[in-house]
Amino acid sequence: MTSPRPTPPPSDLDGGEPVTKRYRLTVRARLALTYSALLTGAGIVLLAIVYVFMRYVPTYDFAAATTASTDAASVAPGGSLVPTDDPTAPAAVVVPASELLVTSSEQLLNLLLVTSIVVLVVLAVLGTAVGWAVAGRMLRPLQDINSAVHRASEGDLAQRIRLSGPRDEISELAESFDEMLDRLDRSFTATRRFAANASHELRTPLATTRAMLDVALAQHDDPEERVVFDRLRVMNERNIETVTALLDLARIDSSPPRLEQFDPSRVVAQAIESCAEEAAAHDVRIEHRLTETTIDGEPVLLRQLVTNLVQNGIRHNEPGGFLAVEAAPSDVPGGWEIEVVSSGQVLDPEAVERFTDPFMRGTGRTRNASSAGQGLGLSIVAAIVDRFRGELRLAPRQGGGLRVSVVLPPARSVNGEHPRSMT
C-alpha cells in the first residue's frame, strides 16, 4: 500500500480558507500621490542642483565695511542709525528691521535651503490636491463602467454606457462593454423567448393527449391496458407540470415589476393552506410562525415562492415528518425574511449547493415519472429571489432534511419604483 501524499496547505484557489488581502489605496488616491511624488521629486532635484551650484560655483565677497559701519553707529528703534561723534567714521548703511540681513555666504546658503524646504512642502500639498482632482476627472469614465458592470451583474442588460469624449483606451473599453451587453441581451432574450414559445406550443398537444388518455381509460376495462394508460397519464401530467414550470420561469424573467403594499404573512398563510391537502397525503405536519407586517413587493411572486418552498419540503420529506415555516421582518427596515425547515433524508452539502439547478433533486437529476415534482421548484424560487435582489441560502439540516432561508431587501431600494396601495 502506498503512503498517502501530504496535503498542501489550503488557499483561496483550491477552496481553502481565503487569504487575507492587504488594504490598498484607491486608484485615484494612488494616482494623486504619484503625481505629487513626481512633482515633489522634480522640485527636489531642481533645488538640489541650484543649491550645489550656489555653494561651489560662485565666489562670494561680502564687504567688511558693512559690519564696521554698523559697529560705528548707534541703531535707533525702527532700524535707523544715529550718527556718532567720530568724524572719521564712514557713512552708515541703513537697514530696516523688517528685512533680512545677509552678511556671509553661509547665511545665504542657509536661507536658500530653508526657502527651498518651504516651497517643496507647499508644492507637495498643491500637487496632491491637483493630482486628486485630475485623477478623479480621468477615472470618472471608469466609475461609470464599474456602475454598469454592477447593474449588469444584477440582470440589467438593457442599460448602456455610451461614453462620450475623445477616443482613447477608456472609450474603447466602454464601447467593447456595450457591444458585450448587446450580445448578452440578445442571447438571453432569445433563450427566454424560445423557452416561452416552446412551452406554450407544447401545452396544447399535451392537453389533447390528456383528454385522449382520459377517454381511453374510460373505454377500456382490461386491467393490463389500464395500467399502461395510467402510466401514460402520469407521464403526461408530469410533462404538463414541467412545461408550466418553464413558462413560470420565462414569465418571471420577462415580466415588468408591479409593486404593491401588502401583508406577507397573509400570503404565506394562503400558500400553506393551498398545500395542506398535499401535506396530509404525504403525512407531513406543517408548523408555522408568522409575524404581521407591511412591505412593498409583488404578492403574486411571493405566493409562488412560498408555495414552491412548501411543496419542495412536502414532496422530499418522509412520512410522519414535519415542515416548519417562519416569516418575520428582517434587520433591514422594509426587508423581510422567511425560513423553511423540513425533515427528510440526510443530504450531502455539496449536492445541496446544486439544488437550484433545473431538474435537480437530492438524489441527482430527475429520471422517472414516479417521483414527485419536476425538479424546477427551487429553480423558480432562485429566479424570484434574483428578481427581488434578495439572498437565498440552502443548507442541510442536522439529522436530515433541508433548511432554506430567503432574505428579501426593501423593494424600493431594488428598483426605485413607488408601490401601489393595495385595494
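Fair warning: this is a prediction, and the values are worked out from it, not measured in the lab.

Conventions adopted
Residues numbered from 1 in each chain as written. Predicted model: local features only at pLDDT ≥ 70, side-chain atom pairs only at ≥ 80, totals over all residues. Heavy atoms only, no water. Helix = DSSP H or I, 4+ residues; strand = E, 2+ residues; numbered from the N terminus. Buried < 20%, exposed > 50% of the residue type's maximum accessible area, 1.4 Å probe, protein only. Contact = heavy atoms within 4.5 Å. UniProt positions renumbered as here; feature names shortened; annotations may be inferred. Axes fitted to C-alpha atoms, helices over the stretch in contact; angles between N-to-C directions. Parallel < 35°, antiparallel > 145°, perpendicular 65-115°, else oblique. Left-handed = near helix turned anticlockwise from the far one by under 90°. Nonpolar A, V, L, I, M, F, W, Y, C, P; charged D, E, K, R; others polar. Pairing = 2+ DSSP bridges. Patch = residues over 30% accessible without salt bridge, like charges linked within 9 Å, V, L, I, M, F, W, Y side chains within 5 Å. Areas by Shrake-Rupley, 256 points an atom, 1.4 Å probe, with all protein chains shown as cover. Salt bridge = Lys/Arg side-chain N within 4 Å of Asp/Glu carboxyl O. Lys, Arg positive; Asp, Glu negative; His and termini not counted. Charge placed at Lys NZ, Arg CZ, Asp CG, Glu CD.

*Asks:* In this structure, what is going on with the overall build of the protein chain? I would like to understand it.
*Replies:* For the protein chain, the helix and strand inventory stands at 11 helices and 11 strands. Out of the 423 residues in the protein chain, the part that is buried amounts to 30%. Within the protein chain, contacts between residues at least 6 apart in sequence are counted, and of these 67% link residues at least 24 apart.

*Asks:* What am I meant to see in the UniProt feature "transmembrane region" (unreviewed entry) in the protein chain here?
*Replies:* Mapped onto this numbering, the UniProt entry annotates "transmembrane region" (unreviewed entry) at residues 31-54 and 108-135. Each end of residues 31-54 is marked by a C-alpha atom, and these two atoms are 34 Å apart; helix forms 100% of the span and strand 0%. From the first C-alpha to the last, residues 108-135 spans 39 Å; its make-up is 100% helix and 0% strand.

*Asks:* Honestly, the packing of helix α1 (residues 27-56) against helix α3 (residues 105-153) in this entry has me stumped. Any pointers?
*Replies:* Helices that pack against each other are described as a pair by the angle of their axes relative to one another and the distance between those axes. Where α1 contacts α3, the two axes come as close as 7 Å, and the packing angle between them is 160°. With respect to α3, the axis of α1 lies roughly antiparallel. Where α1 crosses over α3, the handedness of that crossing is right-handed. Among the residues forming the contact of α1 with α3, the class breakdown is 23 nonpolar, 8 polar and 3 charged.

*Asks:* Sorry if this is basic, but what is going on with the sheet that holds strand β11 (residues 402-408) here?
*Replies:* Paired through backbone hydrogen bonds, the strands of a sheet run either parallel or antiparallel to each other. Sheet architecture is open: 5 strands sit in the order β4-β6-β7-β11-β10, paired in mixed fashion. Taken across any chain shown, the strands that pair with only one partner, and hence form the sheet edges, are β4 (285-290) and β10 (391-396). The sheet shows a mean angle of 10° between the axes of neighbouring strands, direction not considered. Across the sheet, helix α10 (residues 377-387) touches β10 and β11, and the angle it forms with β10 is around 145°.

*Asks:* Got a minute to help me understand a nonpolar patch on the surface in this structure?
*Replies:* On the surface, a cluster of nonpolar side chains totalling about 440 Å² of accessible area is made up of Val 52, Phe 53, Tyr 56 and Val 57. Position of Val 57 among the secondary structure elements: in the loop between α1 and α2 (65-72).

*Asks:* Hey, could you run me through unusual backbone geometry in this one?
*Replies:* Trans peptide bonds make up most of the peptide bonds, and negative phi angles are found at most residues other than glycine. Unlike most non-glycine residues, Arg 162 shows phi in positive territory, near 50°. By the element assignment, Arg 162 lies in the loop between α3 and α4 (169-219). For Arg 162, a relative accessible area of 66% translates into the label exposed. Its identity is not glycine, yet Arg 389 carries a phi of approximately 60°, on the positive side. Tracing the backbone shows Arg 389 in the loop between α10 and β10.

*Asks:* Teacher, can you tell me more about the pattern of salt bridges here?
*Replies:* For side chains bearing opposite charge, pairing can occur when the charged atoms are close. Taken as a whole, this structure holds 10 salt bridges when the rule is applied. One network of salt bridges, with partners in common, ties together Arg 160, Asp 182 and Asp 185.

*Asks:* How do you make sense of α10 when you look at a structure like this?
*Replies:* Counting buried residues in α10 gives 9 out of 11 residues, a clear majority hidden from the surface. Along α10, the residues that are buried comprise Leu 378, Ser 379, Ile 380, Val 381, Ala 382, Ala 383, Ile 384, Val 385 and Arg 387.

*Asks:* Can you help me understand the pairing of strand β7 (residues 336-342) in this one?
*Replies:* Each regular strand shows side chains that alternate between the opposite faces of the sheet. Burial analysis of β7 places 5 of its 7 residues in the buried class, which makes it a mostly covered element. Two strands pair when backbone bridges link them, and strand β6 (residues 322-329) and β7 are joined in this way by 7 bridges, in the antiparallel orientation. The residue bridging Glu 326 from the neighbouring strand is Glu 339, located in β7. The hairpin turn running from β6 into β7, its antiparallel successor, is 6 residues long, and Gly 334 in that turn takes a positive phi close to 90°.

*Asks:* Even after reading the chapter, I still don't get a negative patch on the surface, so can you show me in this structure?
*Replies:* A cluster of like negative charges, contributed by Asp 221, Asp 222, Glu 224 and Glu 225, occupies part of the molecular surface. Looking at the secondary structure, you find Asp 222 in the loop between α4 and α5 (223-254).

*Asks:* What is the right way to read the packing of helix α6 (residues 264-274) against helix α8 (residues 299-315) from this model?
*Replies:* Interaxial distance between α6 and α8 falls to 9 Å at its minimum, and their mutual angle equals 45°. In terms of orientation, α6 lies oblique with respect to α8. As α6 packs across α8, the resulting crossing turns out to be right-handed. On the side of α6, the interface is formed by Pro 264, Val 267, Val 268, Gln 270, Ala 271, Ile 272 and Ser 274, while α8 contributes Pro 299, Leu 302, Arg 303, Val 306, Thr 307 and Val 310.

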